[in-house]
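Examining the three-dimensional arrangement
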Amino acid sequence: MMSPMTAGRSVVLGFALLGGASTLLGCDGSAMGGGDAGDVRPPVTADPAYLGTLPMTASRYRIVRGRGDNKGAEVRTAAEVFDELSRADAVCLGELHDDDDHHAVQLLALEQMVARAPAASRRIAVGLEMVQRQFQPDLDDYGAGRIDEATMLIRVQWKRWGFDFSYYRPLVGKALEGRAALLALNANEELRRRVSRVGIAGLTVEERAEVPELDLLDAEHRAWFNQIVGMHLSSDPAQFERSYTVQVLWDETMADLAWQWLAAQGSHARQVAILAGTGHCMDLGIPKRLRRRGADKVLSVKAVREDAQARSEALALIQKDEGLLKHPLLALLIAARAGATHFE
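What you are looking at is a predicted structure, and each value in this text was computed from that prediction instead of being measured. (Residues numbered from 1 in each chain as written. Predicted model: local features only at pLDDT ≥ 70, side-chain atom pairs only at ≥ 80, totals over all residues. Heavy atoms only, no water.)

1. Comments concerning the overall build of the chain
Across its full length, the chain carries twelve helices and ten strands. Within the span of the chain, comprising 344 residues, buried residues form 56% of the whole. Looking at the chain alone, contacts between residues at least 24 apart form 78% of all its contacts between residues at least 6 apart. On the chain, roughly 14000 Å² of surface is accessible, and the fraction owed to carbon and sulfur atoms is 52%. (Helix = DSSP H or I, 4+ residues; strand = E, 2+ residues; numbered from the N terminus. Buried < 20%, exposed > 50% of the residue type's maximum accessible area, 1.4 Å probe, protein only. Contact = heavy atoms within 4.5 Å. Areas by Shrake-Rupley, 256 points an atom, 1.4 Å probe, with all protein chains shown as cover.)

Here you go:
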């Protein structure tokens, strides 16, 4: 759930598309072309500066190019952006959990992925950070229509997540409409608490069985985590290590369960969309750990604000968090409608 950015309402937002090992450094705000979107493309607005509006919030969006210095940046159309999404093994759709426009961006991307899947006979899964792994049978029952929404929310103990299901109802609905599997990706809350108290070494044999392969030696990721929480734990190095292990356990569990589903599909065309916080969807989080397990192409979608001050602050954080850019960056900027309110 951890995120380095703060949410807001009537401001300009954007999301950045990161490919492979690339990481977000910045976007220069120059406009990209639109192109014919076809039946599965979002509608074009009358304002040529914007390509369409987001589902649910009606916030306008446009696509830009950029990589901070703008050198070597590719100009792509909306169609090409969403075609690239559809070809990835996994797409991590980052969010600030209580931001409507972030969820609308997720829904826009998911709509495009679901719309393109039938032509490629591609199986789709939607992984949820919001549901802990022990509740997978309950998600299976819901996806198969054996239980209703109210029963599902009780059985998966949605209250553990802490954010209202209305933020996610359109996303889950789109997944079911596209006959996507629903994946419970989060680590068991009780296990995370145990690791926070006693570390991996203090776990029982049964508890260790739930722990996937962990990479605790990633210097860049450790530096990112230290920047966020280090000041609060600087006087207790042992607690810092345990807290960092919990963060890695969180990322690795989601990556591992997503990869298990991908691997189980064999040679069949398949794709998983992962709904998770921006701190998990940055390249050093879930994407890098998915590639370590064998995923070929992993993309990440991240929201970035366009208004001058907020965007500058956000991009400064992202630059520190995610290192050097290795590939051209795509961004989709969103002009939020004034007076936006939470949708039901």
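Further notes follow.
2. With respect to the pairing of strand E7 (residues 181-186)
Burial runs high along E7: five of the six residues are buried. Across five bridges, the pairing between strand E6 (residues 123-132) and E7 is parallel. In the sheet register, Ala 125 faces E7, and the bridge partner there is Ala 181. (Pairing = 2+ DSSP bridges.)

3. Focus: helix H3 (residues 136-143)
Here H3 has its buried residues at Gln 136, Asp 138, Leu 139, Asp 141 and Tyr 142. Along its buried surface, H3 packs onto E6, helix H4 (149-155), helix H5 (169-177) and E7. Of the residues flanking the end of H3, it is Gly 145, one or two places downstream, whose phi is positive at about 80°.

4. Thoughts on the environment of Glu 189
Residue position: Glu 189 is located in helix H6 (residues 189-198). You can call Glu 189 buried: its relative accessible area is 14%. Considering only alpha carbons, one finds Glu 189 and Arg 160, 29 residues apart in sequence, at a separation of 8.4 Å. Once residues within four sequence positions are removed from consideration, Glu 189 is found in contact with Gln 132 and Arg 160.

5. Let's talk about the state of the cysteines
Applying the stated criterion across every chain, the model contains one disulfide. Between the sulfur atoms of Cys 92 and its disulfide partner Cys 281 the distance amounts to 2.1 Å. The S-S bond linking Cys 92 to Cys 281 shows a torsion near -75°; that makes this disulfide left-handed. In this pair, Cys 92 sits in strand E5 (residues 90-95) while Cys 281 sits in helix H10 (residues 278-281), placing the two residues 189 residues apart along the sequence. Of the two residues, Cys 92 and Cys 281, neither departs from the other in class, the shared state being buried. (Disulfide = S-S within 2.5 Å.)

6. A short note on the confidence of the model for the chain
Chain-level statistics for the chain give a pLDDT mean of 76 and a share of 66% at 70 or above. A low-confidence stretch, residues 65-75 (pLDDT under 50), is modelled with 30 contacts involving residues beyond four sequence positions or located in other chains. Note that pLDDT drops below 50 for residues 317-330; the model gives that stretch 55 contacts with residues more than four away or on any other chain. (pLDDT = per-residue confidence, 0-100.)

7. Some remarks on the nonpolar core
Counting residues in each nonpolar core, the largest one holds 43 residues, and the members touching the most others are Val 131 and Trp 158. Here the element with the most residues in this core is helix H2 (residues 100-116); it accounts for eight residues. Those residues in contact with Val 131, other than ones at most four positions away along the chain, are Leu 139, Val 156, Trp 158, Ala 184, Leu 185 and Asn 186. With 28 residues, the next largest nonpolar core counts Ala 90, Met 254, Trp 261 and Leu 290 among its residues. (Core = buried A, V, L, I, M, F, W, Y, C linked by side-chain atoms within 4.5 Å.)

8. Points about the packing of helix H1 (residues 78-87) against H2
Axis separation between H1 and H2 bottoms out at 9 Å; the angle between their running directions is 70°. In terms of axis orientation, H1 runs roughly perpendicular to H2. Residues Ala 79, Phe 82, Asp 83, Leu 85 and Ser 86 of H1 form the contact with H2, whose participating residues are Leu 108, Ala 109, Gln 112, Met 113 and Arg 116. The residue makeup of the contact of H1 with H2, split by class, is six nonpolar, two polar and two charged. (Axes fitted to C-alpha atoms, helices over the stretch in contact; angles between N-to-C directions. Parallel < 35°, antiparallel > 145°, perpendicular 65-115°, else oblique. Nonpolar A, V, L, I, M, F, W, Y, C, P; charged D, E, K, R; others polar.)

9. Looking at the side chain of Gln 265
Considering the arrangement of structural elements, one finds Gln 265 in the loop between helix H9 (237-264) and strand E8 (270-277). Apart from residues lying up to four places away in sequence, Gln 265 is in contact with Arg 123 and Arg 270.

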